[in-house]
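# Observations on the three-dimensional arrangement
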Amino acid sequence: MEVQKIMSAKPISISGEESAAVAARLLSRHNIGALPVCSREGKLRGIVTDRDIVLRCIAPGEDPKHTPVSDIMTRRLVWVDSRDSCDTAARLMASRQIRRLPVQEDGRLVGMV
């Protein structure tokens, strides 16, 4: 089975220029734990999690209203193509110990597993 059959389509994403406070509100409003960070063209640039906000912004005493997401996001990305197998996605998630996996198609974000 292909990843596109199990992914959450049309994921909520954020721009790297937005603040950590905006990211936190989006995470809360949509009851999710991670936001893909994308360029205006939809290219995946990073991912920001609730944990990133706490450990890289709040804990060091930074102001979430004035801290851009690009400063706290995780840049080393693991992702799959929408046509990859679910087995491939599962192996990546297990080996990298990640819970959220962006899905791309033709270099653009199209979903999350």
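What this report covers is the structure whose coordinates are included nearby. (Residues numbered from 1 in each chain as written. Predicted model: local features only at pLDDT ≥ 70, side-chain atom pairs only at ≥ 80, totals over all residues. Heavy atoms only, no water.)

## Observations regarding helix 4 (residues 86–96)
Those residues of helix 4 that sit buried are C86, A89 and M93. Down the axis of helix 4, the smallest arc covering the buried residues is 60 degrees, so these residues share one side. Residues of helix 4 that are exposed and point more than 90 degrees away from the buried face comprise D87, R91, A94 and S95. Those residues of helix 4 that are buried lie in contact with strand 4 (80–81). Q97 sits one or two residues past helix 4 and shows a positive phi near 55 degrees. (Buried < 20%, exposed > 50% of the residue type's maximum accessible area, 1.4 Å probe, protein only. Helix = DSSP H or I, 4+ residues; strand = E, 2+ residues; numbered from the N terminus. Arc of directions from axis to C-beta. Contact = heavy atoms within 4.5 Å.)

## A few points about the environment of T49
Here T49 is to be found in strand 3 (residues 44–49). Under the relative-accessibility criterion, T49 is labelled buried at 15%. Considering only alpha carbons, one finds T49 and S85, 36 residues apart in sequence, at a separation of 25 Å.

## Describing the sheet that holds strand 4
Strand order across the open sheet formed by four strands is 1-6-5-4, with mixed pairing between neighbours. A single partner strand is all that each edge strand has here, and the edge strands are strand 1 (8–9) and strand 4. Sheet topology note: the strand 1/strand 6 (residues 108–112) ladder contains two bridges and is antiparallel. Across the sheet, A9 pairs through a bridge with G111, a residue of strand 6. (Pairing = 2+ DSSP bridges.)

## Things to note about the packing of helix 1 (residues 20–29) against helix 2 (residues 50–58)
Packing of helix 1 against helix 2 brings their axes to within 10 Å, and their N-to-C directions diverge by 150 degrees. Considered as vectors, helix 1 and helix 2 are oriented roughly antiparallel to each other. Here helix 1 and helix 2 pass one another in a crossing that is left-handed. In this structure, helix 1 uses A20, A23, A24 and L27 to contact helix 2, whose residues at the interface are D50, I53 and C57. Looking at the contact of helix 1 with helix 2 residue by residue, the classes come out as six nonpolar, no polar and one charged. (Axes fitted to C-alpha atoms, helices over the stretch in contact; angles between N-to-C directions. Parallel < 35°, antiparallel > 145°, perpendicular 65-115°, else oblique. Left-handed = near helix turned anticlockwise from the far one by under 90°. Nonpolar A, V, L, I, M, F, W, Y, C, P; charged D, E, K, R; others polar.)

## What to know about the nonpolar core
Where a protein is soluble and globular, its nonpolar side chains tend to be buried together. Of all hydrophobic cores here, the largest spans 13 residues; its most connected members are I14, A23, L35, V48 and V69. Counting only elements with at least two residues in this core, the list comes to helix 1, strand 2 (34–38), helix 2 and helix 3 (69–72). Here L35 is in contact with I12, S13, I14, A23, L26, L27, G46, I47 and V48, once residues within four sequence places are set aside. (Core = buried A, V, L, I, M, F, W, Y, C linked by side-chain atoms within 4.5 Å.)

## Description of the environment of D50
Tracing the sequence through the fold places D50 in helix 2. The spatial distance from the C-alpha of D50 to the C-alpha of L27 is 7.3 Å, given a sequence separation of 23 residues. In this structure D50 touches L27 and G33, once residues within four positions along its chain are discounted.

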